[in-house]
Amino acid sequence: MSIVGVVDVLRGKPRNPVGEDGRMALSDHFRELRARLMRSALMLVIAFCVAIFFYRELLELVQHPYNEARTALAHHDPPIKTEPVVNGTGGGLLLQFKLCGVVSLIVAAPYWLYQIWAFVLPGLHEKERRYSRMFAAVAGPLFLGGVALGYYVLPKGLTVLGTFVPQGVTNLVDFTSYFSFEMRMLLIFGIAMEIPLFVVLLNLAGVISGRALAKHRPWIIIGTMVFAAVATPSTDPFSMLMLAIPMLILFVISEIIARVSDKVRGRGAHSTEQWADDEISPI
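All of these numbers come straight from a predicted model, not from anything done at the bench.

Draft legend 1. Region of the structure containing the overall build of the protein. Across its full length, the protein carries eleven helices and two strands. When the helices and strands of the protein are read in sequence order from the N terminus, they spell out α-α-α-β-α-α-α-β-α-α-α-α-α. Buried positions account for 34% of the 283 residues belonging to the protein. Intrachain contacts of the protein at a sequence separation of at least 6 include 78% that bridge at least 24 residues. Carbon and sulfur atoms form 70% of the exposed surface of the protein, whose accessible area is close to 16,900 Å².

Draft legend 2. Structural context of the pattern of salt bridges. If you walk through the whole model with that rule in mind, you get four salt bridges. A salt bridge links Arg 217 to Glu 255; the nearest nitrogen and oxygen atoms lie 2.6 Å apart. Placement of Arg 217 in helix H10 (residues 217-231) and of Glu 255 in helix H11 (residues 237-265) is noted, with a sequence separation of 38 residues between them. Salt-bridge contacts for Arg 259 lead to Glu 255; the nearest nitrogen and oxygen are separated by 3.5 Å. Residue Arg 259 and its partner Glu 255 are both found in helix H11; the two are separated by four residues, about one turn of the helix. Taking relative accessible area as the criterion, Glu 255 reaches 9% and is therefore assigned buried. If you follow the salt bridges from partner to partner, you end up with Arg 217, Glu 255 and Arg 259 in one network.

Conventions adopted
Residues numbered from 1 in each chain as written. Predicted model: local features only at pLDDT ≥ 70, side-chain atom pairs only at ≥ 80, totals over all residues. Heavy atoms only, no water. Helix = DSSP H or I, 4+ residues; strand = E, 2+ residues; numbered from the N terminus. Buried < 20%, exposed > 50% of the residue type's maximum accessible area, 1.4 Å probe, protein only. Contact = heavy atoms within 4.5 Å. Areas by Shrake-Rupley, 256 points an atom, 1.4 Å probe, with all protein chains shown as cover. Salt bridge = Lys/Arg side-chain N within 4 Å of Asp/Glu carboxyl O.

Have a look at this one:
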């Protein structure tokens, strides 16, 4: 295939007439989807190559929470020794590929998420488009805030987990497993910050009302605390509260937004909160 042909595939222009309302032939939809997938894959490859160039800096960033926990454990009474290891002959190479792959996926996320959104956008109604734009504008900062919070809490959780190592025993931490553990924790913190946003979207869609949220507030608090206790890696209350408190604050904000939205839309006792009256009374 020539360079012109490759460019034409990446552009994904429809080959059949497009209707005034934006309707296209099914083959053109598949052609557009192929083009967007290929552009996203190309962006991931470019980001992966750039990540390899900055591998040493990225490794230091990933290792920083462990190093902080390692220093804290060294000053523990009695001192606890922990060492990072990489298992297998090709363990170092696999770790580099895994780290750079995850980083490329994160760095290129704005681009490939936009490709997904742009493909779905023509099929949405005007109200759905407005909600999707609001979600895209708010979801990104909330997720990044959750990831930053998880990165701050992680060293303290690792320190608590390290204190369970018996005296006189060296804790050998497989760095590949540690990296997977760290990514899961950051993902949990990031997604947790998105949950109140979904509550607001459900309210805007008319599924749940502000009155229903207020009626079930005690259960929401209990559920949030249980979720934070299960999601955090350590047994200390600090890590749990660092996840639970921001979530509860966001839930309060989402309830306020839901009540204001209900008032503006004139939704009252005859809409979505009717089911709430039939539920079990809160604690």
